[in-house]
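Observations on the three-dimensional arrangement
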Amino acid sequence: MLMHSYPVSCRQLVRSALNTPRSHTYKAFYATIQSLRKAPLAEVDDVPSDNDFILSILRANASSRDAKPYFASFSPRLRPTPALPQNDESIPIEFRAEPLPVTEHPKVSPLIASIIDPVVRRTALVKIQGPFNQVQLDSIARGMVYLEKLGLVSVIVIENDDIQRGEQDSRSVVVEDTMRLVSCLEKHGARSRPVLGAVVRLGPRPGDTDLEQECIPPEAHTFPSDLVPIRSALRSGEIPVIPPFALDSFCRSVRIDANDVIGALARGMVEAGSQSSSSSVDASTDASIEASGEVDLIPLRLMIINREGGVPSYARNGFPHLLINLDSESKHIRETFHESWRHTHKTALSNLALAKTCLTYMPSTSSAVMVSHRSQSSLIGNLITNRPAVSSSLPHALLQGNRKLTPHTPTLIRRGLPIRVVRTVEDIDRYKMNALLEQSFGRTLEDADYYDRLKYTLDFVIIAGDYAGAAIVTNESSSDLSQPISYLDKFAVLPSHQGDGTVDFLWVALHDESYGLGHPFSANPNGGKEGQGEGRDLVWRSRANNPVNKWYFERSSGHVRMGDWVLFWCDAEKRLKIEQGRRGRAGLSYVEDWEEGRLTSWVDVIQKIPSCWKK
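Note that the structure is predicted; figures quoted are calculated from it, not measured.

Backbone-to-backbone hydrogen bonds pair the strands of a sheet. The strands run either parallel or antiparallel. The strand order across the open sheet built from seven strands is 13-14-15-16-17-19-18, with neighbouring strands paired in mixed fashion. This sheet does not close on itself; its edge strands, each paired only once, are strand 13 (419-422) and strand 18 (558-562). Neighbour-to-neighbour, the strand axes of this sheet turn through a mean angle of 25°, independent of strand direction. Bridge count for strand 15 (residues 469-476) against strand 16 (residues 485-493) is eight bridges, and the pairing is antiparallel. Within the sheet, the bridge partner assigned to Ile472 lies in strand 16 and is Lys490. Here helix 20 (residues 598-606) sits on the sheet in contact with strand 15, strand 16, strand 17 (538-543), strand 18 and strand 19 (565-570), set at roughly 125° to strand 19.

Structure below.
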């Protein structure tokens, strides 16, 4: 889907990119300890093939819109082209040099060019939560190598859940696990370096207080000088692999929880990377990074690779959450975590707390992903699109029958936004709502007429964050129906928040408050009805040429054309569930009694709703 239409062979492009030798400006300050591992076997079959790499990218199934976050982080910046020399009119034509013939090369898609030759290289914090056997470790290493080819260099921290801290030989076992992973990475074509010295210090950071923390702070900290071994490895084109060691107050290297090491590194790397960016001159930061061989130290991703998979969800019968809004869901997830999951997913909640800690320090565009070692290839799709493997806002019936949803489906975690519900026009900040609607739709609002109409028809408004997104639902009267029509009047997200999960967060909240109401999995604490009540059919309209209609088609129960508009609706899910249970194997008929005549009434009412935009 991404590459097949271009005249240049993808294999040739990728192979030429992969065979290009790397240039390194700085030499490593710390030598790799070769005596602790065996030399990798030089078997051709061990090195990931170009075909596997291409297929992994194609499986991401990313459109140009989906890949925008990847372009923004990794693609080369446009540079001014030198002006062509002009002919000197004072020189006679017969003495002018003939222009050299220009050889036309096949045009390469910007998507292909940026993927196979990323200029800006970013870092990811990776927790490898073992133990793993050799086959599993090879699979994980292959995924790390693919990510490096795409520009994301991993800073890996090792953990072994089967060896408790304080046990005999626990330190040597962790070191051995570190060296095994280093050998696997090198066997698959990457350069790697074990960083066996402690890069963090035990205890909270001096000067920190509990009141200043938005999350549970790690029991370790680091300073810029402690990150020299990591910087050295990255400058030399090597993937650093770090055991969970820390310096105590007596300067002894002791084993601690890997979560504390990763939390300290997340904060330290963000601070060190920010200082490097601020100290650079006004010249292009990307150009200076490329010229110096530096890698952007601010982590773009947090990846937790384990044997459990993602965070189990009560709404999906124990299958993993697809997308988590930490700001509004983390407390509810802990409260609804089944006791049986504490045995099957022992570290799910601690890893969720780790993600919240790290994302507090990392940029707002960063995300975390929890994934089983069986789904390491999904990390490439997450890197390119920064979206979950399956959208969490799809109807539950589709998700339950989706083959992509398995016990090993990754969980994508974002810092997210708070979600709240208001039910009166007086509770709406008109200035912020106007700005949201006008930026989202690109039109000017007739605000006086619009809010006058809402005073009589408003049912509720769902607001994401500080008006980063909103869903406005009204009650539209119909003489042919026993109750008003639940009409989605506006669904808007700021352009700056499109692609960061806000759309899915908002639609899930809309589902829980309208057509999904009454189901146990709709009892989310967003300030609304929290699952109590009866769901109602939700109806809305969209212009026939609206590019968002494809997204609406996937989430609606049905649609019908009405002139220049398309009418969409979502059936109340609880009513459908009850009807299906009553009929048993007979199933639902094509037109139920409660469906007769409703489309005619909907069309008659909805097409008469006046426009709220200035002409």
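Still more ground to cover, so stick around.
The subject of this paragraph is the pairing of strand 18. Pairing of strand 18 with strand 19, which is carried by five bridges, proceeds in the antiparallel orientation. Bridging from a neighbouring strand, Gly558 pairs with Trp569 of strand 19. Linking two consecutive strands that pair antiparallel, namely strand 18 and strand 19, is a turn of two residues; a positive phi of about 70° is found at Gly563 within it.

Its location among the elements puts Ser172 in helix 6 (residues 170-187). Look at Ser172 and you get partly exposed, because its relative accessible area is 40%. At 2.8 Å, the side chain of Ser172 and the backbone oxygen of Asp169 are in polar contact.

Moving on: the pattern of salt bridges. With the rule as written, the count across this model stands at 25 salt bridges. Salt-bridge contacts for Glu238 lead to Arg191; the nearest nitrogen and oxygen are separated by 3.9 Å. Here Arg191 lies in the loop between helix 6 and strand 3 (192-194) and Glu238 lies in the loop between helix 7 (228-235) and strand 6 (239-242), a separation of 47 residues in the sequence. A salt bridge links Glu554 to Lys550; its shortest N-O distance comes to 3.0 Å. Here Lys550 and Glu554 lie together in helix 18 (residues 549-555), a separation of four residues that amounts to about one turn. With a relative accessible area of 32%, Glu554 lands in the partly exposed category.

For helix 17 (residues 502-513), which comprises twelve residues, the first-to-last C-alpha distance of 17 Å matches the rise-based estimate of 16 Å (1.5 Å per residue) to within 8%. Burial runs high along helix 17: ten of the twelve residues are buried. Taken residue by residue, helix 17 has Thr502, Asp504, Phe505, Leu506, Trp507, Ala509, Leu510, His511, Asp512 and Glu513 as its buried positions.

Another point: the packing of helix 10 (residues 326-335) against helix 12 (residues 348-361). Closest axis-to-axis distance for the helix 10/helix 12 pair is 11 Å, and the angle between their directions is 160°. Classified by the angle between their axes, helix 10 and helix 12 sit roughly antiparallel to one another. Here helix 10 runs over helix 12; the crossing is left-handed. Judged by residue contacts, Leu326, Ser330, Ile333 and Arg334 of helix 10 engage Leu349, Leu352, Ala355, Lys356 and Leu359 from helix 12.

Here the focus is unusual backbone geometry. Between Gly130 and the following residue, Pro131, the backbone shows a cis peptide bond with an omega angle of 10°. Of note, Pro131 is situated in the loop between strand 1 (122-130) and helix 5 (134-149). If you check the backbone angles, Cys251 has positive phi at about 60° while not being a glycine. With respect to the element layout, Cys251 can be found in the loop between strand 7 (245-247) and strand 8 (253-255). Look at Cys251 and you get exposed, because its relative accessible area is 62%. Of note in this structure, Tyr467 is not a glycine but carries a positive phi near 60°.

All right, on to the nonpolar core then. Within the largest apolar cluster, 74 residues are counted, with the highest numbers of intra-cluster contacts made by Ile128, Ile156, Leu185, Val200, Leu265, Leu302 and Ile413. Ignoring any residue separated from it by four or fewer positions in sequence, one finds Ile413 in contact with Ile324, Leu326, Leu352, Ala355, Leu359, Ser367, Ala368 and Met370.

What follows concerns empty space enclosed by the protein. Using the criterion set out here, one finds two cavities of 30 Å³ or more in the structure. Estimates place the volume of the second largest cavity at around 80 Å³. In terms of lining residues, the second largest cavity is bounded by Ile128, Gly130, Pro131, Phe132, Leu137, Ile158, Glu159, Asp177 and Arg180. Within the residue set of the lining of the second largest cavity, elements represented by two or more residues are strand 1, strand 2 (152-160) and helix 6. Class assignment of the residues belonging to the lining of the second largest cavity gives a composition of five nonpolar, one polar and three charged.

Right, let's talk about the packing of aromatic side chains for a bit. Evaluated as defined, the whole model comprises 14 aromatic pairs. Ring centres 5.6 Å apart and planes at 70° place the aromatic pair Trp540 and Tyr552 in the edge-to-face group. Placement of the pair is Trp540 in strand 17 and Tyr552 in helix 18, with a sequence separation of twelve residues. Since its relative accessible area comes to 2%, Trp540 is described here as buried. Given a relative accessible area of 9%, Tyr552 falls into the buried group. Among the aromatic residues, those joined into a ring-pair cluster are Phe491, Trp507, Trp540, Trp551, Tyr552, Phe553 and Phe568. Positioned over the ring face of Phe245 is Arg171, at 4.0 Å from the centre of the ring. The ring of Trp565 has Arg541 sitting right over it, with the charged end atom 4.3 Å from the ring centre.

Right, let's talk about the confidence of the model for the chain for a bit. Scored by pLDDT, the chain has a mean of 78; 69% of the residues are at 70 or more. Summarising per-element confidence for the chain, the mean pLDDT is lowest in helix 1 (residues 10-18) (41) and highest in strand 6 (96). Of the regions scoring below 50 in pLDDT, residues 77-85 engages in five contacts with residues more than four places distant in sequence or in other chains. The low-confidence segment residues 281-292, where pLDDT is below 50, has ten contacts with residues more than four positions distant or belonging to other chains.

Relative to each other, helix 15 (residues 430-441) and helix 16 (residues 447-457) sit at 110°, their axes nearing to 12 Å. With respect to each other, helix 15 and helix 16 are oriented roughly perpendicular. In terms of crossing hand, the pair formed by helix 15 and helix 16 is right-handed. From helix 15, Arg430, Met433, Asn434 and Leu437 reach across to helix 16, where they touch Asp447, Tyr450, Tyr451 and Lys455. Residue composition of the contact of helix 15 with helix 16, grouped by class: four nonpolar, one polar and three charged.

Basis of the calculations
- Residues numbered from 1 in each chain as written.
- Predicted model: local features only at pLDDT ≥ 70, side-chain atom pairs only at ≥ 80, totals over all residues.
- Heavy atoms only, no water.
- Pairing = 2+ DSSP bridges.
- Helix = DSSP H or I, 4+ residues; strand = E, 2+ residues; numbered from the N terminus.
- Axes fitted to C-alpha atoms, helices over the stretch in contact; angles between N-to-C directions.
- Contact = heavy atoms within 4.5 Å.
- Buried < 20%, exposed > 50% of the residue type's maximum accessible area, 1.4 Å probe, protein only.
- Polar contact = N/O pair within 3.5 Å; in protein donor to acceptor, adjacent residues only side chain to side chain.
- Salt bridge = Lys/Arg side-chain N within 4 Å of Asp/Glu carboxyl O.
- Expected span 1.5 Å × (residues − 1).
- Parallel < 35°, antiparallel > 145°, perpendicular 65-115°, else oblique.
- Left-handed = near helix turned anticlockwise from the far one by under 90°.
- Core = buried A, V, L, I, M, F, W, Y, C linked by side-chain atoms within 4.5 Å.
- 1 Å grid on protein atoms, 1.4 Å probe; cavity = no way out; pocket = protein on both sides within 12 Å on 5 of 7 lines; lining within 4 Å.
- Points joined across faces, edges and corners; volume = space filled by probe spheres on them.
- Nonpolar A, V, L, I, M, F, W, Y, C, P; charged D, E, K, R; others polar.
- Phe/Tyr/Trp six-rings, centres within 6.5 Å; stacked < 30°, edge-to-face > 60°.
- Lys NZ or Arg CZ within 6 Å of the ring centre and 35° of its normal.
- pLDDT = per-residue confidence, 0-100.

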